[in-house]
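# Coordinates in review
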Amino acid sequence: MFFKNARTMLGEIGEIHITHKDYGPYKKWELVKQAEEFGLLLKGSVRFRITDYPGYTNRRGAGHKAGETFSLGKCQTYKFVLG
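## Re the overall build of the protein chain
Along the protein chain, the regular secondary structure elements total two helices and three strands. Walking the protein chain from its N terminus toward its C terminus, one meets helices and strands in the order α-β-α-β-β. Across its three principal directions, the C-alpha atoms of the protein chain cover 35 × 25 × 25 Å. If you take every contact in the protein chain between residues at least 6 apart in sequence, the share linking residues at least 24 apart comes to 77%. Carbon and sulfur atoms make up 53% of the accessible area of the protein chain, which amounts to about 6,100 Å² in all. Measuring between centres, the 14 positive side-chain charges of the protein chain sit 6 Å from its 8 negative side-chain charges.

This is the structure in structure tokens:
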């Protein structure tokens, strides 16, 4: 439901950026397909490099390890626009 809600906040020239792991079971999330179902188009994607975000630290958001960091592995930042 993220795309449904995010789309309502997106202006004509706005973009939605999502950084997501790009391997193994994470590919099954099919982010591009989900976005298209809510009228969003993939504008492009770039390899996520943590060095581009000084001070950034990833954290788990839920579960018994909430707040802990984890290995990012291979990630992409997807950029979506209104279709």
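So much for the structure itself; the text now carries on.
## Thoughts on the packing of aromatic side chains
Both the distance between ring centres and the angle between the ring planes are used here to describe each pair of aromatic rings. Tallied over the full model, the rule gives six aromatic pairs. Their ring planes at 75° and their centres at 5.6 Å tell us that Phe2 and Phe3 sit as a pair that is edge-to-face. Judged by its relative accessible area of 48%, Phe2 is partly exposed. Judged by its relative accessible area of 4%, Phe3 falls in the buried class.

## Details of the side chain of His20
Secondary-structure assignment places His20 in strand β1 (residues 16–21). Those residues in contact with His20 that lie beyond four places of it in its chain are Tyr26, Trp29, Leu31, Lys74, Cys75, Gln76 and Tyr78.

## Considering the sheet that holds strand β2 (residues 40–47)
What the three strands build is an open sheet, ordered β1-β3-β2; its pairing is antiparallel. In this open sheet, the two edge strands, each paired with only one partner strand, are β1 and β2. Taking the axes of each pair of neighbouring strands and ignoring which way they run, one obtains an average angle of 25° across the sheet. Bridging between β2 and strand β3 (residues 75–82) involves seven bridges; their strand directions are antiparallel. Paired with Leu41 across the strands is Val81, a residue of β3.

## Some details on a nonpolar patch on the surface
On the surface, Ile50, Tyr53 and Tyr56 cluster together into a nonpolar patch covering about 290 Å² of accessible area. For Tyr56, the position within the fold is in the loop between β2 and β3. For Tyr56, a relative accessible area of 42% gives the class partly exposed.

What counts as what
- Residues numbered from 1 in each chain as written.
- Predicted model: local features only at pLDDT ≥ 70, side-chain atom pairs only at ≥ 80, totals over all residues.
- Heavy atoms only, no water.
- Helix = DSSP H or I, 4+ residues; strand = E, 2+ residues; numbered from the N terminus.
- Contact = heavy atoms within 4.5 Å.
- Areas by Shrake-Rupley, 256 points an atom, 1.4 Å probe, with all protein chains shown as cover.
- Lys, Arg positive; Asp, Glu negative; His and termini not counted.
- Charge placed at Lys NZ, Arg CZ, Asp CG, Glu CD.
- Phe/Tyr/Trp six-rings, centres within 6.5 Å; stacked < 30°, edge-to-face > 60°.
- Buried < 20%, exposed > 50% of the residue type's maximum accessible area, 1.4 Å probe, protein only.
- Pairing = 2+ DSSP bridges.
- Axes fitted to C-alpha atoms, helices over the stretch in contact; angles between N-to-C directions.
- Patch = residues over 30% accessible without salt bridge, like charges linked within 9 Å, V, L, I, M, F, W, Y side chains within 5 Å.
- Salt bridge = Lys/Arg side-chain N within 4 Å of Asp/Glu carboxyl O.

Nothing here speaks to function; it is geometry throughout.
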